[in-house]
Amino acid sequence: MNPIQITCPNCNVANRVPEERIGDKPQCGKCKKPLFLGKPLDLHPGNVNAVLGKNYIPVLVDCWASWCGPCKSFAPVFEQAAGIFEPGFRFAKLDTEAAPSIAERWAIRSIPTLILFKQGKEIQRASGAMSLPQLQQWLRAANIN
Ligand SMILES: [Zn+2]
């Protein structure tokens, strides 16, 4: 089977992992840390291109802000979903106040906003917090192929 490319959440190096081994807790070839942590990683200008563009798997981003109440209540749902959907998806969070240039590029108008990317391209977006079953349904319905 063809290896697929996965960006390390720790050092941002692109790793090539055989597709059939992706569920076997693969480690980064460079820093030796796990490629999947069972929780979202934080996006910032230094890693956003590597995380979005060099991951073969789709990347789901939760765009949030510290002053946003619904974002806070959604955070544990998003984290739980990461544990369920990795390694089929990569989960990431964008603090829209800490990285306003990225929020602007993605035209975030309300938060929380969820954006699903595949190989750097936005393929689906939703505004507002979801319950875990709603999020699962939304992801399963996404056309990621
Ligand atoms: Zn690494």
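Right above here is the structure, for reference.
Residues numbered from 1 in each chain as written. Predicted model: local features only at pLDDT ≥ 70, side-chain atom pairs only at ≥ 80, totals over all residues. Heavy atoms only, no water.

In this fold, Val17 is placed in strand β2 (residues 14-18). Residue Val17 is classed as buried on the basis of its relative accessible area of 6%. A C-alpha to C-alpha distance of 5.3 Å links Val17 and Ile4, two positions 13 residues apart in sequence. Not counting residues within four places of it along the chain, the set of residues in contact with Val17 comprises Asn2, Pro3, Ile4, Ile6, Ile22, Pro26 and Leu35. (Helix = DSSP H or I, 4+ residues; strand = E, 2+ residues; numbered from the N terminus. Buried < 20%, exposed > 50% of the residue type's maximum accessible area, 1.4 Å probe, protein only. Contact = heavy atoms within 4.5 Å.)

Pairing of side chains with opposite charge becomes possible as their charged atoms draw close. For the structure shown, the criterion picks out four salt bridges. Residue Arg21 pairs with Asp24 through a salt bridge whose shortest N-O separation is 3.0 Å. When the shortest N-O distance is used, the salt bridge between Arg90 and Glu86 registers 3.8 Å. Since its relative accessible area comes to 1%, Arg90 is described here as buried. Here Glu86 falls in the buried class, since its relative accessible area comes to 11%. (Salt bridge = Lys/Arg side-chain N within 4 Å of Asp/Glu carboxyl O.)

Here the focus is the coordination of the zinc ion. Around the zinc ion, the protein contributes the donor atoms Cys8 (SG), Cys11 (SG), Cys28 (SG) and Cys31 (SG), at 2.3 Å from the metal centre. Classification of the site at the zinc ion rests on its four donor atoms, whose angles at the metal span 105 to 117°, yielding the label tetrahedral. Sequence positions of the donors to the zinc ion reduce to the motif C-x2-C-x16-C-x2-C. Of this pair, Cys11 sits in the loop between β1 (3-7) and β2 while Cys31 sits in the loop between β2 and β3 (41-43), and the two are 20 residues apart along the sequence. The class of Cys31 is partly exposed, set by a relative accessible area of 24%. (Donors = N, O, S within 2.8 Å, 3.2 Å for Na, K, Ca; no water. Tetrahedral: all angles 85-135°; square planar, octahedral: opposite > 155°, others 65-115°.)

For the rest of this paragraph, the subject is the sheet that holds strand β7 (residues 121-127). Backbone hydrogen bonds are what pair the strands of a sheet, in a parallel or an antiparallel way. The strand order β3-β5-β4-β6-β7 describes an open sheet built from five strands, whose pairing is mixed. The two strands at the open ends of the sheet, each matched to only one other strand, are β3 and β7. Strand-to-strand twist across the sheet, computed as the mean angle between neighbouring axes with direction ignored, equals 30°. With six bridges connecting them, strand β4 (residues 59-64) and strand β5 (residues 90-95) associate as parallel partners. Bridged to Asp62 within β5 is Lys93. Running over the sheet, helix α2 (residues 69-85) touches β4, β5 and β6 (113-118) and is turned about 160° from β5. (Pairing = 2+ DSSP bridges. Axes fitted to C-alpha atoms, helices over the stretch in contact; angles between N-to-C directions.)

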